[in-house]
Each structure stands twice: as structure tokens, then as C-alpha cells.
Amino acid sequence: MPPTRIAGVIPARLGSTRLPRKVLREIAGRPMVEWVWRAAADSGLMDPVVVATDSEEVAIVCRERNIPAVMTSPHCASGSDRVREVARRIDADIYVNIQGDEPMLTAEFFRPLLALFDRPEVDVATLAVPCPPHEIANPNAVKVVAAIDGRALYFSRATIPFDRDAIGFTGYRKHLGIYAYRKAALERFAALPPSPLEKLERLEQLRLLENGIGIYVAEAPGDTIGVDTEEDLSRAEEILRASPLESR
């Protein structure tokens, strides 16, 4: 059989509402999107790794840094729709949807994610970590529960599972918003209308579960900081300036 081709796609929309222009905000001397691209490219597992954007300004910044950029429609409703648009131009067997606001990612995050595809039943993969205690009740930290075989049972902004008898449960898992899809699963997902639970929780991965498409969860090597606020940006800046990662 020919080798599996894996493409990495970083959706990078400039018009963020909570933190305007965040993908181009500078962290430790580099725009945020460059940190994300370098982590993905350094893994050596994806070829190509491209930034998908609807902004010519983002594309120019990327090209100045030798980062491949693909222009996509401004009408894409989600990052996954942007990945699907790229998939129509770049042929691959698996597509990795890499959030453009995750500057704490490193190359090590991609191996456990993609290793799940050694199992033929896996069509969609994602990552999780033990949920830090201070984020267990935070609705912005999405929790996931999974079956013994790693298949996700549910994702929620609520604290799941519910510790009914207050036994001191500590096994909460925080979902990291990185996905990988086989091509057919990506096409099916993007063709489906938003589902009731997806609209209720504002979590697009629930569209897959509601339509019987399994998502399998691997353990990430560590937590990340998804940058949505000025405070998040400051935390990421502090960590990256103090980290050997700054030299990558």
C-alpha cells in the first residue's frame, strides 16, 4: 500500500471577536500563527502544513516567514469548513485541523494524535489531558468522557462526569481542540447541518457524535493555553520567553 499522506491545516481567521487580530499578535517576537506552524512543521509527520485564511494580511505575514498560506472563503462558518476547502485543493488521506490560537503546541502533540489512525476503525481523532483543578468548573475548558477503547462518549462545557456522591472524583479530562480526520469523515462532517447539541453547547464536535461518527481520544503530552483574551496572551508570552521553545 502507498504511504499515508497527512496534511496539516491551520485555520487562521483575523476577525476574532474576543481578541481582535489574535493570530497576528506577537508573542516572544513572533506572530502567534508562526508558533503554531513551527510546532506542526517540526513534527515531521505532515506534508504540507499550511495556514488557511480569508485575510490577505495574514497570508502576507505568512509568506514573509516562508509559511505556506492558502486563501479560503470569508464565508466559512468554522475552522473545519476552512479545512474542508483546503482539502479540495490539497489531496491527502488524513487532514489535521490545528487551532491557530494554540502557541503552546509542540511537535510532540501530533504523534499520539496520528497514532490512533493505526486502528482502522478510527475516522476522527483528537486529544485530551487531565483537567487542571482550577478549570474543572470553567465552561471555557471543554470536558470529555470516553469509553474504555478511547471512543468519546460526550463533550461538554459542563463538569462531566457528575460526582453525584461527592466522592472526590479527580479523573476529569480536558479536551484540546486539535482534530484529525480521514478525508471521507471530513467531507461527511462538513456536509452535515449543525446539530441540536452542537448549537446548544456551541461545540461543533457534537455534530459528529449526534450523527454516529466516532471520535477517538488520545492523551496529549501536556496542557496548552488557547489564547482568547489579553490575559491568555500575557501568560503565553511569559511561558514562551522562559522556555527553550523560544529558540525553535
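I will try to describe carefully the structure that is included in this document. (Residues numbered from 1 in each chain as written. Predicted model: local features only at pLDDT ≥ 70, side-chain atom pairs only at ≥ 80, totals over all residues. Heavy atoms only, no water.)

### Observations concerning helix α1 (residues 32–42)
To keep it simple, the criterion reads: Residue exposure (1.4 Å probe, protein chains only): buried if accessible area is under 20% of the type maximum, exposed if over 50%, otherwise partly exposed. For helices the rule is a DSSP run of H or I covering at least 4 residues; for strands it is a run of E covering at least 2, with both sets numbered from the N terminus onward.
Burial runs high along α1: eight of the eleven residues are buried. Among the residues of α1, M32, V33, E34, W35, V36, W37, A39 and A40 are the ones counted as buried. G44 sits one or two positions beyond α1 and adopts a positive phi of about 70°.

### Some remarks on the side chain of S195
Formally: Residue contacts are counted whenever heavy atoms from the two residues lie within 4.5 Å of one another.
Locating S195 in the fold gives a position in the loop between α5 (183–191) and α6 (196–201). With a relative accessible area of 4%, S195 lands in the buried category. Apart from the residues lying within four places of it in its own chain, the contact partners of S195 are L206, R207 and E210.

### Regarding the pairing of strand β6 (residues 94–97)
Threshold: For two strands to count as paired, DSSP must find a minimum of two bridges between them.
Of the two faces of β6, the one carrying I94 and V96 and the one carrying Y95 and N97 are both buried. As paired elements, strand β1 (residues 6–11) and β6 share four bridges and run parallel to each other. Residue pairing in the sheet places V9 in a bridge with N97 of β6. Here β6 pairs with strand β10 (residues 173–182) via four bridges, running antiparallel. Across the sheet, the residue bridging to N97 is Y179, located in β10.

### Observations concerning the side chain of T106
As a reminder, the rule being used: We call two N or O atoms a polar contact when they sit within 3.5 Å, provided that within protein one can donate a hydrogen and the other can accept it, with sequence-adjacent residues counted only if both atoms are side-chain atoms.
Note that T106 resides in the loop between β6 and α4 (110–115). Taking relative accessible area as the criterion, T106 reaches 13% and is therefore assigned buried. Within the structure, the side chain of T106 is placed 2.8 Å from the side chain of E108, a separation counted as a polar contact.

### A few points about unusual backbone geometry
Look at the link from D47 to P48: it is a cis peptide, with omega at 5°. Between I160 and P161 the backbone carries a cis peptide bond, its omega angle lying at -5°. Looking at the secondary structure, you find P161 in the loop between β9 (152–156) and β10.

### Remarks on the nonpolar core
Most often, soluble globular proteins keep nonpolar side chains buried together rather than apart. Applicable threshold: In this description, a nonpolar core means a group of buried Ala, Val, Leu, Ile, Met, Phe, Trp, Tyr and Cys residues linked to one another through side-chain atoms lying within 4.5 Å.
One finds M46, V96 and I98 to be the most contacted residues of the largest nonpolar core, which totals 40 residues. Here the element with the most residues in this core is α1; it accounts for five residues. Not counting chain neighbours up to four residues away, the residues in contact with M46 comprise I6, A7, G8, A40, V96, I98, F110 and L114. Among the nonpolar cores identified, the runner-up in size contains 29 residues, and V86, Y179, L206 and I215 belong to it.

### Observations regarding the packing of aromatic side chains
The relative placement of two aromatic rings is captured by the distance of their centres and the angle of their planes. To keep things clear, this is the line we draw: Planes of paired rings set the category: under 30 degrees apart is stacked, over 60 is edge-to-face and the rest tilted, where pairs are Phe, Tyr or Trp rings (Trp by its six-membered ring) whose centres lie within 6.5 Å.
In total, this model carries three aromatic pairs according to the counting rule given. Relative to Y172, the ring of F169 lies with its centre 4.8 Å away and its plane at 85°, an arrangement referred to as edge-to-face. Since its relative accessible area comes to 8%, Y172 is described here as buried. Judged by centre distance (6.1 Å) and plane angle (25°), the ring pair of Y179 and Y181 falls under stacked.

### What to know about the pairing of strand β8 (residues 143–146)
Looking down a regular strand, the side chains alternate between one sheet face and the other. Where β8 lies against β9, four bridges are found, and the strand directions are antiparallel. Bridging from a neighbouring strand, V144 pairs with F155 of β9. In this antiparallel pair of consecutive strands, β8 and β9, the connection spans five residues, and G150 shows a positive phi of 95°.

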